[in-house]
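# Reading the structure
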Amino acid sequence: MANWKRSFVDAFWNWDQALGGQRRPTRVQKWVARRPLRAGLCAAAPLTLLFLTLSREKEPEDLLFAVSAGCPWQ
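Throughout what follows, the structure given in this document is the object of discussion. None of these values were measured; they are calculated from a predicted model.

### Things to note about the packing of aromatic side chains
The final tally for this structure, using the stated rule, is two aromatic pairs. Pairing Phe 12 with Trp 13 gives two aromatic rings, centres 5.1 Å apart and planes at 70°, and the pair type is edge-to-face. Classification of Phe 12 by relative accessible area gives partly exposed; the value is 38%. Taking the centre distance of 6.4 Å and the plane angle of 55° together, the rings of Phe 12 and Trp 15 count as tilted. In this pair, Phe 12 and Trp 15 both sit in helix α1 (residues 2-18), three residues apart, roughly one turn of the helix.

Rules behind the numbers
- Residues numbered from 1 in each chain as written.
- Predicted model: local features only at pLDDT ≥ 70, side-chain atom pairs only at ≥ 80, totals over all residues.
- Heavy atoms only, no water.
- Phe/Tyr/Trp six-rings, centres within 6.5 Å; stacked < 30°, edge-to-face > 60°.
- Buried < 20%, exposed > 50% of the residue type's maximum accessible area, 1.4 Å probe, protein only.
- Helix = DSSP H or I, 4+ residues; strand = E, 2+ residues; numbered from the N terminus.

Here's what the structure looks like:
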């Protein structure tokens, strides 16, 4: 059964390449596709911390402002 599944996967990638596909997805791309929520949190956490450090000095507890407008280019 495992060989049948593997041959199906190989056939799919050969068909994809024949239709113009370039490469198989990398391990990172597969991880992100399988875990979109975790990937989003991994990307958002450092940015949130950055925006918190760039927030107004008068109101450092204002988390909504820090996340929405803490960006220096706005």
